[in-house]
Each structure stands twice: as C-alpha cells, then as structure tokens.
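The lines below spell out each chain.
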Amino acid sequence: MIRRPAPARRRARRGALLVGAAVLLAGCGGRTGPNVLLIVIDTARADRFTFNGYGRGTTPRLASLAREGAVYENAYSPSPWTLPAHASLFTGLFPSAHGADAGHLVLDDAHATMAEAFAAAGYDTVAYTASPWIGKSHGFHQGFDTYEEVWRVIGDTEGEDMGAGLIASRVARYLDWRDENPVAGGGPFFMFINLFEPHLPYNPPEPERSRSLAAPAGAAALDRLRRLKHPREMPYILGFERLDPEEVRILSGLYDGEIAYVDRRIGEIVEMFRRHGILDRTIVAITSDHGEMIGEHGLLDHKLQVYEPVLRIPLVLRHPPSVAPGQRIAEPVMLQDLHPTLLGLARVKVPERAGGVPAEAIVLPGVSGVKGSDRRQSAGAFMAEYARPIQFLEVIEQIYPETDVAAWDRTLVALRSGSEKLHWASDGRHALYDLAEDAAESRDLAADRPDRVRDLEAAVEAWLGRPGARPPIGRSAERPTTR
C-alpha cells in the first residue's frame, strides 16, 4: 500500500483532529468502529434503478441490498457534474462554499475532508477512482492512505469496462491482505469507490448489452452509438443536432446495460464483504454524483442544465445496527448529507469548517443513534448549482469557432420549494416548473407566475450571498483533465 506524505497544513489539521479522536479511542485498546464502504456510480440517474420503481430489472443485486436498509427516493446532487458534486460529498458543503467547480478545478487543502476525519480517528483509508475528475491533481486524495487512480491503468480506450472490473479485483486484494495481516489490518477502514460507468460512452459488455436492448438494433447504428463520447455529444447539448426516436431507444437501452453491469460488479464487491464476514460490521452507502439526460428536451449528457434527470440520484444506506431494513424515505435529501451521517454512524468527529463556514449537510433521516442538526431550514427543499462553465465554453469555441457562446455563458441554480422548481440563471432567463403537474419540466410557468419567480429569485440570491459562500461563477481559466 502506498502511503502519501501529508503537507504541513494537512498534518497540523490531522493532529488537531487526533486530539478529539483520542477521547473516543481511549479505553478502547486502539482503533475501533465499523468499516465504511462508500460507492459512487458516476452519472447514474435515480429512475433507472429497480429499487426506485424502474420497470426493467436493471439492478436486482442492488434491489436486494436496498431491502436490507433504507432507500432515499428523493436524493439530489448539489451539482450536475462530477468534480463539485464529489467535493460536496467529501466536505459536506455546497459548491458555492467549497469552491471546487468550473474555473477552480481543485478541492482546496483548507477544507477538511471525510477521509481526513476517518484517518485522524485511526481508520485505514483507501480509494479507487475510475474518473480523472476526482484524481490527485484535483485534490481529492486528501486524507487517503491509498488512492489508486484506476483510470490511469485503463487509459483513454473504447473498451467495454471502464474500470469496474479492475476495481473489484483491487477490493478483493485489499480484503485478502487484511485477512492475511491481522495486526496491520485489524482496525476499521474507510473505502471509497468511484465507478465510471454509466458515463458516456454507453458501451456495456455482454451479456448486459444484449439484454438491455428491448428490440434488435441495426449493427451500424449500434456500433456508432455505443462509441459516442466527448466531444461528439456536444452538437446534441448545444442543439445543433437532434436525436431521432430510434437513436434515443438504442442509447437508453445501452445506458440500462451500463447500470446492469455496475449492478453486477457492486454485487460482487458486496459478496466479498459477506464472505469475509464483515458486511454487517460495515456501513454501506451506494449513490451517484449526478444523473444524465438521454433524449429529454433533445439533450444528452449532463452539461449546461439542471433538469430532474441530471439532479435526482439513487441513494441506499445499509447498516443493520443503525438503519432499520425496508425503509423507503420520501423526504428530499442531499448527496452531501452522507458526510455527517457516515461520520456519525462511525462515531467520528465531524471536522470543523475552514474560516468559520457553517455546516450545510445534515444527518439523513431513518438513521438511529446519530445526533444531527434540524432538517434544512432554507427556502427550498434542495439547491443545485452549476457554475459558469468556463472550460466547456473554451471547448465550444475551439470546435465551433463561429458559435456565439453567450447563450450558455451563465451560472444556473436549481431551487425547489414544495412542488415548484426554479431554474435560476445569472443572465435573468429564469424558468419555473411545477413538478406536481409537470414532472418532465416541459412547461415553463415563469410568465404565468411572475410574483412567485421574484420570490424564489430573491431566495436564491440570498442563498448565494450567505456567509462563507463563493458565488459559483468560476474564478480562473484552468484546463480540465480529459478522458
């Protein structure tokens, strides 16, 4: 296992955390507590999971696991893309508080992460990531003893496995190592896994590919669509090209195949924990960083918008001592609420916020034995922020130099209040939808309800001006890592 030397500031912060952790560890004979397994399925929208009512049997293994814990039916991401969403998960903060977003593609060292808190409490901390957006160059390795960037091994290929199989083998190796080294591996561990599937391209292996297509697809169309990836998705995002119904059907089926393949691999990992006799001593959380558009509004991918398919994500939590089985929780929750929940379940102190930034995540409902703050008191049930997409605008200008990017050069914030949802835009082009009557967000009510738009607009702007917030507008022109 590779040990990463901590910078001076991180060593100092870990030392401060260790003082608090020592109280918990005193009298316990050393490290103690449950293991924690946190799996993020990149780009997974909630409505494609069997346990969320999807009609196709995409996730039988996860559905079985979900019955042993709690399903959060209305879980949302605070951002429609990977880097800020993971930063929120790791810190418990919204993107406009931690600042890791377009224009500043690094999780600053000043923010204490979940992994640092677990490490300070004596946990072994290990991560396997298949996404370059949460690689070491973006600051996400803070607090991890082992941080393996699986995407570097896989490379920029068009293969059917984007790292899930390799990660499963790494988990097997780690668990075997713990069994073979009872002294070194005797304490609890925190394991974080990022699975790149079902991110574009949707190219599932067999047998999931054939099973996912409800009807046969032409060989040429299937081959073309299962290789569709950046930047080929851009014409659809920008509205230059449209998907026909057959293309949507094929892409939707391939996406389901990716979800089914991830279900297979996660099932293997869960069974490893069961075989090693540690599953019931492990807090298991399975979620996503954001969702995906597959033809809705004529769109692909998850850039430049904050519609429901991009923000609503799956979330399952299993821990028999603290989470009663069979729970289905309808209350809206946020991805970053896992931060205090996982730490609280493990009896690990939540890190103090840098610069006095107030806590923003709250403990998930349906969990016993964990003290948490009151439910979210903001004007809306959830917020999601999409910073001015500096890097993406640069790519547009490179590929389509004649294009006026002004229409996409803006910040977006999603605010839900009751059944109403405001798409707030920094250029004033707000949109309002009533999800109770229009779940597909197809009818903009902004012109019909101007007073309501003004009220929600004021709530968003007050939110962006709260103490510790950094307006999500981007701060520099750093280049993204590409894959």
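Now for a look at the structure at hand. Predicted model only: the values in this text are computed from it and were never measured.

1. Examining the overall build of the chain
- Helix and strand counts for the chain stand at 15 helices and 17 strands.
- Taking all 483 residues of the chain together, 61% fall into the buried category.
- Taking as baseline every contact in the chain between residues at least 6 positions apart, the subset at least 24 positions apart corresponds to 74%.
- By element, 54% of the accessible surface of the chain is carried by carbon and sulfur atoms, the whole surface being about 18,100 Å².

2. As for the packing of helix H2 (residues 60-67) against helix H11 (residues 245-275)
- Relative to each other, H2 and H11 sit at 50°, their axes nearing to 7 Å. As judged from the angle between their axes, H2 and H11 are oblique. Contacts between H2 and H11 involve Pro60, Arg61, Leu62 and Leu65 from the first element and Asp263, Arg264, Ile266, Gly267 and Val270 from the second.
- Tallied by class, residues from the contact of H2 with H11 come to five nonpolar, one polar and three charged.

3. A short note on the environment of leucine 225
- Within the element layout of this structure, leucine 225 appears in helix H9 (residues 219-225).
- When neighbours within four sequence positions are excluded, leucine 225 is seen to be in contact with Glu247, Ile250, Leu251 and Leu254.

4. Side note on unusual backbone geometry
- In this structure, proline 207 follows glutamate 206 across a cis peptide bond, with omega equal to 5°.
- On the secondary structure map, proline 207 appears in the loop between strand E6 (189-195) and helix H8 (208-212).
- Of the consecutive residues histidine 230 and proline 231, the connecting peptide bond is found in the cis state with omega at 10°.
- One can find proline 231 in the loop between H9 and helix H10 (234-237).
- Unusually for a residue other than glycine, histidine 297 sits at a positive phi of about 55°.

5. A closer look at the packing of aromatic side chains
- Applying the stated criterion to the full structure yields 18 aromatic pairs.
- Each ring, one from phenylalanine 189 and one from phenylalanine 273, has its centre 5.9 Å from the other, and the planes form 55°; the classification is tilted. One end of the pair, phenylalanine 189, is in strand E6; the other, phenylalanine 273, is in helix H11, with 84 residues separating them in the sequence. Residue phenylalanine 189 shares its accessibility class with phenylalanine 273, and that shared class is buried.
- Between the aromatic rings of phenylalanine 240 and tryptophan 408, the centroid separation amounts to 6.4 Å while the plane-to-plane angle is 85°, which identifies the pairing as edge-to-face. Highlighted residues: phenylalanine 240 in the loop between H10 and H11 and tryptophan 408 in the loop between helix H14 (390-399) and strand E15 (412-417), separated in sequence by 168 residues.
- Owing to a relative accessible area of 41%, phenylalanine 240 belongs among the partly exposed residues under this scheme.
- On the basis of relative accessibility, which here comes to 19%, the residue tryptophan 408 falls in the buried class.
- Grouped by ring-pair contacts, the aromatic residues Phe90, Phe118, Tyr123, Phe140, Phe144, Tyr147, Phe190 and Phe192 constitute a single cluster.

6. Quick notes on the side chain of serine 322
- Here serine 322 is to be found in the loop between strand E11 (315-318) and strand E12 (327-329).
- Apart from the residues within four sequence positions on either side, serine 322 is in contact with Leu345, Gly366, Val367 and Ser368.

7. Some points on helix H7 (residues 164-180)
- An ideal rise of 1.5 Å per residue puts 24 Å on 17 residues; H7 measures up with 24 Å between its terminal C-alpha atoms.
- Residues Ala164, Gly165, Leu166, Ile167, Ala168, Arg170, Val171, Tyr174, Leu175 and Arg178 constitute the buried set of H7.
- Here the buried face of H7 lies against strand E1 (35-41), strand E4 (124-129), strand E5 (146-149), helix H6 (150-154), E6 and H11.

8. Some details on the pairing of strand E16 (residues 420-425)
- When you tally the buried positions in E16, you get six out of six residues, the bulk of the element.
- What you see with E16 is no split at all: Glu420, Leu422 and Trp424 on one side and Lys421, His423 and Ala425 on the other are buried throughout.
- Here E15 runs beside E16; their pairing, made up of six bridges, is antiparallel. Bridge pairing in E16 links leucine 412 to alanine 425.
- In textbook terms, the turn of a hairpin is the stretch between consecutive antiparallel strands, and for E15 and E16 this stretch comprises two residues, one of which, glycine 418, has a positive phi near 65°.
- As paired elements, E16 and strand E17 (residues 431-434) share four bridges and run antiparallel to each other. Pairing of histidine 423 across the sheet is with alanine 431, part of E17.

Rules behind the numbers
Residues numbered from 1 in each chain as written. Predicted model: local features only at pLDDT ≥ 70, side-chain atom pairs only at ≥ 80, totals over all residues. Heavy atoms only, no water. Helix = DSSP H or I, 4+ residues; strand = E, 2+ residues; numbered from the N terminus. Buried < 20%, exposed > 50% of the residue type's maximum accessible area, 1.4 Å probe, protein only. Contact = heavy atoms within 4.5 Å. Areas by Shrake-Rupley, 256 points an atom, 1.4 Å probe, with all protein chains shown as cover. Axes fitted to C-alpha atoms, helices over the stretch in contact; angles between N-to-C directions. Parallel < 35°, antiparallel > 145°, perpendicular 65-115°, else oblique. Nonpolar A, V, L, I, M, F, W, Y, C, P; charged D, E, K, R; others polar. Phe/Tyr/Trp six-rings, centres within 6.5 Å; stacked < 30°, edge-to-face > 60°. Expected span 1.5 Å × (residues − 1). Pairing = 2+ DSSP bridges.

Everything listed here is a matter of coordinates, which is why it stays silent on function.
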